[in-house]
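Report on the structure
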Amino acid sequence: MDKENRIKPKHHVAPKTGFLNDPNGLVQFKGTYHAFYQWLEEVTPQGAKCWRHCVSKDLVHWEDKGIALKPDMWYDKNGCYSGNGIVFNEKIYLFYTGNVRKENGDRETYQCLATSEDGITFQKHGPVIYLPEGYTAHFRDPKVWKDEEEDIWWMIVGAQTSEKKGNVALFWSEDLYNWNYKGNLLPETMNWGYMCECPDMIRLGEEYILIVSRQEKKIENGIEKDSCHAVWMSGEFSKEKGTFTPYKEGIRVDEGFDFYAPQSFVDENKRTLYMSWMGGGEYDYQMSQLSVNDGWLHSFTYPREFIYKNNWLYQKPIKELQSLRNDKIEKHIENEEISLEVRDYYKEIEFILDDENEFNCTILGALKLHYNSNDKILNIKRLNWLTGEFDEKYLNVNESLKMLRVFIDNSSVEIFINEGEKVISSRVYFQDNDIRINSNGKLKLNLWNYKGENINE
Ligand code: FRU
């Protein structure tokens with residue numbers, strides 16, 4: 001097995017070469033799924049980003065379609081930044097932020113529109129929103145959705161107010177070209193850090209859920225650091241006042257080490273699906289990843305479905321992933337330690353636990369899970385490629401841990417707790433070929449090896 005095959009995810013959206021960040025413009029158009037991502041030809045986090053385009057019939061196999069939006073106009077010359085897509089009147093409408101740097105280094109921002117009739121070529125229509133008063137130029141990442149009841153369109157834009165506080169600006173439109181400013185969506189009495197990036201409003205049944213990728217400063221060991229996390233909150237959306245009042249402060253969408261800027265969309269089967277950037281973090285942390293030597297960096301998560309029940313946002317890996325299952329291994333483990341030798345790094349592992357259990361699992365030398373049914377805490381350790389040490393997390397499990405589903409795709413790991421009440425997504429560079437499990441109670445293991453075709457070649 002060569003080295004590259006053990007790093008590049010086989011079934012996740014990842015760039016052939018270059019740098020990937022946020023998912024953009026996710027839509028299903030005439031049956032075909034379209035995804036775009038923030039892309040740079042060079043493997044480096046900052047620069048004049050493009051929208052790179054890929055398409056899929058089944059959300060599992062993706063075909064690269066090259067660059068859809070390039071930073072080549074006066075209003076987007078320093079980057080076609082993030083935004084979303086909608087399908088209307090047989091066309092795709094893409095909303096994105098035109099990022100402009102003036103000679104003195106100051107930033108300008110324009111919320112722009114591009115459309116496509118064939119889903120392949122995109123025509124730019126220029127800015128549809130100029131920066132309103134009351135905000136700095138950190139104003140970006142439009143998300144548009146249709147309000148069927150009012151027969152209007154809403155747009156939210158991630159914002160920093162003139163007081164350098166994070167918030168979300170709300171607009172509405174009747175025709176997608178002319179937009180009216182409504183005001184700040186979020187209560188100024190709550191903490192939204194210094195900037196809210198990539199806002200997303202989701203309607204699940206009667207419930208509105210708002211997601212923002214919140215940037216704030218936190219003191220860690222006496223040093224001030226940026227802390228950037230995607231958080232969700234349910235709340236009351238008052239259309240009249242143009243406000244969203246969260247019932248409580250944000251809850252992490254994903255508890256992993258590498259997760260930021262998720263974006264949702266509703267597909268033709270009315271499922272609310274999303275993908276996210278599996279990346280982020282400080283410059284050294286990103287640039288020391290092993291994939292950089294192979295000329296690419298970062299990927300998306302697998303597509304997931306959002307479900308709201310019992311006042312909680314659950315996440316499920318899409319059922320289409322089951323088409324990747326190849327051969328299956330089943331094991332019953334009780335008061336023993338087993339070791340499974342594996343031949344590759346793309347598989348799905350399901351742990352079904354008895355109520356009384358303490359178990360340890362070491363996956364391929366770089367990921368360790370420990371759970372004890374007495375304290376109901378799941379401990380996750382991931383080998384950090386920069387420090388050479390294990391980073392760790394302790395997660396409370398609601399009632400008890402009944403099921404863990406672990407999706408491994410070369411350097412990518414996604415772990416779903418129980419019915420998807422919590423998810424942990426991380427980049428992991430594995431070290432060996434061994435999965436070791438040690439269980440004190442009863443544990444059933446289902447392991448599916450995934451098919452080996454590579455969507456990113
Ligand atoms: C989030 C983000 C967005 C911006 C884009 C630029 O990761 O900073 O706010 O539009 O990335 O690539």
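Definitions and cut-offs
The residue numbering used here restarts from 1 in each chain and proceeds along that chain's sequence as written. Given that this is a predicted model, residues contribute local features only at a pLDDT of at least 70 and side-chain atom pairs are listed and counted only at 80 or more, while totals for whole chains, interfaces and linings are drawn from all residues. In computing side-chain values, all of the structure's heavy atoms are included and hydrogens and water are not. UniProt positions are given in the numbering used here, feature names are shortened, and annotations may be inferred rather than shown by experiment. Only DSSP runs of H or I with at least four residues qualify as helices, and only runs of E with at least two residues qualify as strands; both kinds are numbered from the N terminus onward. When we talk radius of gyration, it's over C-alpha atoms, and the globule rule is simply 2.2 Å times the number of residues to the 0.38. Each residue's exposure class comes from its accessible area (1.4 Å probe, protein chains only) as a fraction of the maximum for that residue type: buried when under 20%, exposed when over 50%, partly exposed otherwise. Under this definition, polar contacts are N or O atom pairs within 3.5 Å; protein pairs additionally need one hydrogen-donor-capable and one acceptor-capable atom, and for neighbouring residues in sequence, both atoms have to be side-chain atoms. The pairing criterion for strands is at least two bridges between them, as found by DSSP. Stacked, edge-to-face and tilted labels apply to pairs of Phe, Tyr and Trp rings (six-membered ring for Trp) whose centres lie within 6.5 Å, assigned for plane angles under 30 degrees, over 60, and everything in between, in that order. Criterion for a charge above a ring: Arg CZ or Lys NZ at most 6 Å from the ring centre, at most 35 degrees from the ring normal. As used in this record, nonpolar core signifies buried Ala, Val, Leu, Ile, Met, Phe, Trp, Tyr and Cys residues forming a set joined through side-chain atoms within 4.5 Å. Note on terminology: near, applied to a residue and a molecule or strand, indicates that one of the residue's heavy atoms is within 4 Å of it. Only Asp, Glu, Lys and Arg are considered charged, only Ala, Val, Leu, Ile, Met, Phe, Trp, Tyr, Cys and Pro nonpolar, and every remaining residue, Gly among them, polar. Patches were defined on residues exceeding 30% relative accessible area and lacking a salt bridge, with like-charge contacts within 9 Å and nonpolar side-chain contacts (Val, Leu, Ile, Met, Phe, Trp, Tyr) within 5 Å. Surface accessibility in these figures is a Shrake-Rupley result with a 1.4 Å probe; residues are shielded only by whichever protein chains are displayed. Definition used for salt bridges: Asp or Glu carboxyl oxygen within 4 Å of a side-chain nitrogen of Lys or Arg. His is not counted, nor are the chain ends; Lys and Arg add positive charge and Asp and Glu add negative charge. The atom standing in for a charge is NZ when the residue is Lys, CZ when it is Arg, CG when it is Asp and CD when it is Glu. For helices, the axis comes from a line fit to the C-alpha atoms of the stretch in contact; other axes are also lines fit to C-alpha atoms, and the angle between any two N-to-C directions lies between 0 and 180 degrees.

You'll find the protein chain entered in an unreviewed UniProt entry as Sucrose-6-phosphate hydrolase, with Clostridium diolis given as the organism. UniProt, in the comment section headed Catalytic activity (unreviewed entry), describes the protein chain in these words: "Hydrolysis of terminal non-reducing beta-D-fructofuranoside residues in beta-D-fructofuranosides." What UniProt records for the protein chain under Function (unreviewed entry) is the sentence "Enables the bacterium to metabolize sucrose as a sole carbon source."

The helix and strand inventory of the protein chain stands at one helix and 34 strands. Computed over the C-alpha atoms, the radius of gyration of the protein chain is 22 Å, within 12% of the 23 Å expected from 2.2 N^0.38 for a compact globule of 457 residues. For the protein chain, the C-alpha atoms occupy an extent of roughly 65 × 50 × 45 Å along the three principal directions. Across the 457 residues that make up the protein chain, the buried fraction comes to 61%.

This part is about the side chain of Gln-215. Relative to the elements of secondary structure, Gln-215 occurs in strand 15 (residues 207-220). Judged by its relative accessible area of 13%, Gln-215 falls in the buried class. One polar contact links Gln-215 to Glu-197, side chain to side chain, over a distance of 3.2 Å.

Turning next to the UniProt feature "domain: Glycosyl hydrolase family 32 N-terminal" (unreviewed entry) in the protein chain. The UniProt record annotates "domain: Glycosyl hydrolase family 32 N-terminal" (unreviewed entry) at residues 12-317. Here residues 12-317 is 2% helix and 60% strand, with 12 Å between the C-alpha atoms at its ends.

Attention now goes to the pairing of strand 8 (residues 107-116). Burial of strand 8 is extensive: eight of the 10 residues sit out of reach of the surface. Taken together, strand 7 (residues 91-101) and the strand that follows it, strand 8, pair antiparallel across an intervening segment of five residues, in which Gly-105 is found at a positive phi of about 95 degrees. Across six bridges, strand 8 lies against strand 9 (residues 123-130) in antiparallel orientation. Its bridge partner being in strand 9, Cys-112 is matched across the sheet by Pro-127. Counted along the chain from strand 8 to the antiparallel partner strand 9, the turn is six residues long, and its residue Gly-119 has a positive phi close to 75 degrees.

It is worth spelling out the packing of aromatic side chains at this point. All told, the structure shown has 30 aromatic pairs when counted by the stated rule. Arranged with centres 5.5 Å apart and planes meeting at 80 degrees, the rings of Phe-36 and Phe-122 form a pair that is edge-to-face. Placement of Phe-36 in strand 2 (residues 32-40) and of Phe-122 in the loop between strand 8 and strand 9 is noted, with a sequence separation of 86 residues between them. Pairing Trp-385 with Tyr-429 gives two aromatic rings, centres 5.4 Å apart and planes at 85 degrees, and the pair type is edge-to-face. Of this pair, Trp-385 sits in the loop between strand 29 (377-383) and strand 30 (390-396) while Tyr-429 sits in the loop between strand 33 (422-427) and strand 34 (434-450), and the two are 44 residues apart along the sequence. With respect to burial, Trp-385 and Tyr-429 carry one shared label: buried. Site record: aromatic cluster; members linked through ring pairs are Phe-36, Trp-51, Tyr-96 and Phe-122. We note Arg-52 situated over the ring of Trp-39; from NZ or CZ to the ring centre the distance is 4.5 Å. The aromatic ring of Phe-257 is capped on one face by Lys-393, whose charged end is 4.9 Å from the ring centroid.

Reading across from one edge, 4-3-2-1-21 is the order of the five strands in this open sheet, with mixed pairing throughout. Each edge of the open sheet carries a strand with a single partner, namely strand 4 (62-69) and strand 21 (296-297). For strand 3 (residues 50-56) and strand 4, the ladder comprises six bridges, and the chain directions are antiparallel. Looking at strand 4, one finds that Trp-51 is bridged to Leu-69.

Ranked by size, the top nonpolar core spans 36 residues in total, and within it Phe-351, Phe-359, Ile-363, Phe-430 and Ile-435 carry the most contacts. Counting residues per element, the ones that place at least two in this core are strand 25 (325-341), strand 26 (346-353), strand 27 (358-363), strand 28 (367-372), strand 29, strand 31 (403-409), strand 32 (412-417) and strand 34. Judged by nonpolar contacts, the second largest core, of 35 residues, contains Leu-40, Tyr-260, Phe-265 and Tyr-302.

We now examine the site of the ligand. In the neighbourhood of the ligand, the contacting residues comprise Asn-21, Asp-22, Gln-38, Lys-49, Tyr-81, Ser-82, Arg-140, Asp-141, Glu-197, Tyr-260 and Trp-277. A distance of 3.1 Å is found between an oxygen atom of the ligand and a backbone nitrogen or oxygen belonging to Ser-82. One of the side-chain N or O atoms of Arg-140 is found 2.8 Å from an oxygen atom in the ligand. Residue assignment for the shell around the ligand shows that the elements contributing at least two residues are strand 1 (18-29) and strand 10 (135-147). Looking at the shell around the ligand residue by residue, the class counts come to three nonpolar, three polar and five charged.

Listed under "domain: Glycosyl hydrolase family 32 C-terminal" (unreviewed entry) in the UniProt record, and renumbered for this structure, are residues 354-442. End-to-end, the C-alpha atoms of residues 354-442 are 5 Å apart, and along that stretch the chain is 0% helix and 61% strand.

A surface patch of negative charge is lined by Glu-334, Glu-336, Asp-354, Asp-355 and Glu-356. Looking at where Asp-354 falls in the secondary structure, it is placed in the loop between strand 26 and strand 27. Judged by relative accessible area, Asp-354 falls into the partly exposed class, the value being 36%.

This part covers the sheet that holds strand 13 (residues 179-184). Sheets are built from strands that pair by backbone hydrogen bonding, the pairs being arranged parallel or antiparallel. Across the sheet, which stays open at both edges, the four strands sit in the order 10-11-12-13 with antiparallel pairing between neighbours. If you trace the sheet from one side to the other, it starts and ends with strand 10 and strand 13, each paired once. Adjacent strand axes in the sheet meet at a mean angle of 25 degrees, parallel and antiparallel pairs treated alike. Two elements, strand 10 and strand 11 (residues 152-161), share eight bridges in a ladder whose sense is antiparallel. When the sheet's bridge partners are listed, Tyr-135 is paired in strand 11 with Thr-161.

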